[in-house]
Amino acid sequence: MNLSNKSKFRVNPLAAAFAIPCVGMLFVMLISGYEPFGQYSMLYSDMYHQYYPFFVEFRRALLRGEGLLYSWNVGLGMDYLGLISYYLASPLNLLSVLVPEGLLLEFFSLLMPVKLGVAGLFFAIFLKKLFGKHDFSIAVFGGFYGLCAWALGFQWNIMWLDTFALLPLVALGTVSLMRDRKFILYTLSLFMAVFSNYYIGFFVCIFVFLLFFVYEICRFQGWKRFFADLGRIAVFSVLAIGMTAILELPAFAALQTTQSSVNKFPTGFRLNIADSHDLWGLLDAMRQVAGNMGGAIKPNFKEGLPNLYCGVGTITLAMAKAAGKVIGVEVVEQAVQAAAVCVTAALLALVMKRGSPESALLLALGAAVAVLLPPHPAAKNMTSQSTIQMVAKVVL
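Every value quoted in this text rests on a predicted model; they were computed, and no experiment measured them.

Here the focus is the overall build of the chain. A count of helices and strands for the chain gives 16 helices and two strands. Scored against the burial criterion, the 396 residues of the chain give a buried share of 37%. Summarising the internal contacts of the chain: among those between residues at least 6 apart in sequence, 66% fall at separations of at least 24. Put simply, the chain shows about 23900 Å² of open surface, and 69% of that area lies on carbon and sulfur atoms.

If you want it as structure tokens, here you go:
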């Protein structure tokens, strides 16, 4: 038998980019006992009081063939199209008509890992098209994006995740519009990003504004080209946003009848994460944001610090690139054994729900320290059995 002609099994990087965030979140749901694997639901805060009830009523309205302009089934009656524009505009919600009502909670719970998987997939497509990569590295970085702190901190705001997933395509379309003068991807992706959720879509528009100037500064080709690109992106941005008017205009009119209509844009310099609104407050805010980026501060779930944490893997790779070259590596068998035991114990602590998450984190950090730091002379006499006994005290 000629083994050289035997085809090798290869994982598609784009499929892996979808699977890493999706399967990772499904694993968390599995070990935590959440729907559809356990008896607990992931309905949290407004997700319980608003998002899921609105979702159920939206499905019923579609099945009954009722109009979507106004609904008497929400409160004492309200502008239903305005509500849809914020809570229910995700195209994935249309699939709910194919699901029995008894399985709606399971379907609703699975939307979150699926959207995170799509985010990883779209980021991998961004890397593939922009950098010409088609290896497993785009899957890894797609996983970084799909499981970033913003996504994990705000995953319970499930209607935001569609626009978050579409952001890499908007960025790719922006570059394609300015570099290749191709407008279809930019127009359609920005349309879908704003249409799916106008609130996060507003921040996507700010991102496009900043990306335009960053691109022009890095690839400056003269003022004539600059103003041509500015006019081009302005025209197709107006076109994309104008296509969302069927939802955004009713949403704007509905907002004028809410308590939010009295809110005004700040007229002065203020920081809601600082103790004072001066230079010292600004420095304190910068300290907090820097700590959040490095993972030193707990992610935000409601309001406060922006979730900018980009991941230990990204920071490590940046440091590795700056290091230039490796002087030498010493493999210490005892350190490798201790690290393996620490990682295994950390996973067992999470799965068995013994100890605290902080204990599991300390064990994982201990694994890194055991491998990276030079061995102490006394460590050479330490066997893996003694390491297991020491770790067991922490876990159990």
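This next bit is on the environment of Gly 173. Assignment of secondary structure puts Gly 173 in helix α7 (residues 161-179). By relative accessible area, which is 0% here, Gly 173 ends up buried. Between the C-alpha atoms of Gly 173 and Phe 126, which are 47 residues apart in sequence, the distance is 9.2 Å. When neighbours within four sequence positions are excluded, Gly 173 is seen to be in contact with Lys 182, Leu 185 and Tyr 186.

Within an α-helix, residues lying three or four positions from one another point in the same direction, as the helix has 3.6 residues per turn. Taken as a whole, helix α11 (residues 245-255) has its buried residues at Leu 247, Glu 248, Pro 250, Ala 251 and Ala 254. All buried residues of α11 lie within an arc of 170° about the axis, which places them on one face of the element. Exposed side chains of α11 directed beyond 90 degrees from the buried face belong to Leu 249 and Phe 252. Looking at the buried residues of α11, the elements they touch are β2 (78-79), α3 (80-87), α8 (184-196) and α9 (198-218).

Quick look at the packing of aromatic side chains now. Within this structure, the stated rule accounts for 31 aromatic pairs. Each ring, one from Trp 223 and one from Phe 226, has its centre 5.6 Å from the other, and the planes form 80°; the classification is edge-to-face. Here Trp 223 and its partner Phe 226 are both found in helix α10 (residues 223-242), three residues apart, which amounts to about one turn of the helix. Among the residues examined, Trp 223 registers a relative accessible area of 57% and is labelled exposed. Taking relative accessible area as the criterion, Phe 226 reaches 11% and is therefore assigned buried.

Okay, helix α1 (residues 13-32) next. Given a rise of 1.5 Å per residue, 20 residues ought to cover 28 Å, and the 28 Å separating the end C-alpha atoms of α1 matches this to within 8%. A maximum bend of about 30° is found in α1 at Ala 19, where proline Pro 21 lies one to four positions downstream. By the burial criterion, the buried members of α1 are Pro 13, Leu 14, Ala 16, Ala 17, Pro 21, Cys 22, Met 25 and Met 29. On the buried face of α1, the contacting elements are α4 (104-131), α5 (136-146) and α6 (149-153). The N-capping residue of α1, defined by a side-chain oxygen 2.8 Å from the backbone nitrogen of Leu 14, is Asn 12. After α1 finishes, the residue Gly 33 shows a positive phi value of roughly 80°.

Moving on, we get to the nonpolar core. In this structure, Phe 55, Leu 88, Phe 108 and Met 112 are the most contacted members of the largest nonpolar core, which totals 73 residues. Considering each element in turn, this core owes the most residues, 12 residues, to α4. Leave out the neighbours within four places in its chain, and Phe 108 touches Leu 43, Met 47, Tyr 51, Tyr 52, Phe 55 and Ile 158.

Turning our eyes to something else, we now look at the side chain of Ser 96. One can find Ser 96 in the loop between α3 and α4. Judged by its relative accessible area of 0%, Ser 96 falls in the buried class. Not counting residues up to four positions away in its chain, the partners in contact with Ser 96 are Phe 55, Arg 59, Leu 104 and Phe 107.

Here the focus is the pattern of salt bridges. Enumeration over the complete set of coordinates arrives at seven salt bridges. For the salt bridge of Arg 59 with Glu 101, the shortest nitrogen-to-oxygen distance reads 3.3 Å. Of this pair, Arg 59 sits in helix α2 (residues 46-64) while Glu 101 sits in the loop between α3 and α4, and the two are 42 residues apart along the sequence. On the basis of relative accessible area, Glu 101 is assigned to the partly exposed category, the value being 37%.

Our next topic: the environment of Pro 168. Note that Pro 168 resides in helix α7. Under the relative-accessibility criterion, Pro 168 is labelled buried at 4%. Between the alpha carbons of Pro 168 and Ser 189 there is a distance of 9.2 Å; along the sequence they are 21 residues apart. Ignoring any residue separated from it by four or fewer positions in sequence, one finds Pro 168 in contact with Ala 119, Phe 122, Phe 123, Phe 126 and Tyr 145.

The subject of this paragraph is the side chain of Glu 35. Among the secondary structure elements, Glu 35 is positioned in the loop between α1 and α2. With a relative accessible area of 13%, Glu 35 lands in the buried category.

Detailed reading of the predicted coordinates is not advisable wherever pLDDT is low. Residues with a pLDDT of 70 or more make up 69% of the chain, whose mean pLDDT is 78. Counted against residues more than four places away or in other chains, residues 3-7, with its pLDDT under 50, gives zero contacts. Here residues 370-376 is modelled with pLDDT under 50, and outside its nearest four sequence neighbours on either side it reaches seven contacts, counting other chains as well.

A few words on the packing of α4 against α7. Two quantities define a packed helix pair, namely the angle between the axes and the distance from one axis to the other. Packing of α4 against α7 leaves a shortest axis separation of 7 Å and a crossing angle of 15°. With respect to each other, α4 and α7 are oriented roughly parallel. As α4 runs across α7, the sense of the crossing is left-handed. In this structure, α4 contributes Met 112, Lys 115, Leu 116, Val 118, Ala 119, Phe 122, Phe 123, Ile 125, Phe 126, Lys 129 and Leu 130 to the contact, and α7 contributes Leu 161, Asp 162, Phe 164, Ala 165, Leu 166, Pro 168, Leu 169, Ala 171, Leu 172, Val 175 and Arg 179. Split into classes, the residues belonging to the contact of α4 with α7 amount to 18 nonpolar, no polar and four charged.

About the thresholds
Residues numbered from 1 in each chain as written. Predicted model: local features only at pLDDT ≥ 70, side-chain atom pairs only at ≥ 80, totals over all residues. Heavy atoms only, no water. Helix = DSSP H or I, 4+ residues; strand = E, 2+ residues; numbered from the N terminus. Buried < 20%, exposed > 50% of the residue type's maximum accessible area, 1.4 Å probe, protein only. Contact = heavy atoms within 4.5 Å. Areas by Shrake-Rupley, 256 points an atom, 1.4 Å probe, with all protein chains shown as cover. Arc of directions from axis to C-beta. Phe/Tyr/Trp six-rings, centres within 6.5 Å; stacked < 30°, edge-to-face > 60°. Expected span 1.5 Å × (residues − 1). Bend = angle between axes of the 7 residues up to and from the residue. Polar contact = N/O pair within 3.5 Å; in protein donor to acceptor, adjacent residues only side chain to side chain. Core = buried A, V, L, I, M, F, W, Y, C linked by side-chain atoms within 4.5 Å. Salt bridge = Lys/Arg side-chain N within 4 Å of Asp/Glu carboxyl O. pLDDT = per-residue confidence, 0-100. Axes fitted to C-alpha atoms, helices over the stretch in contact; angles between N-to-C directions. Parallel < 35°, antiparallel > 145°, perpendicular 65-115°, else oblique. Left-handed = near helix turned anticlockwise from the far one by under 90°. Nonpolar A, V, L, I, M, F, W, Y, C, P; charged D, E, K, R; others polar.

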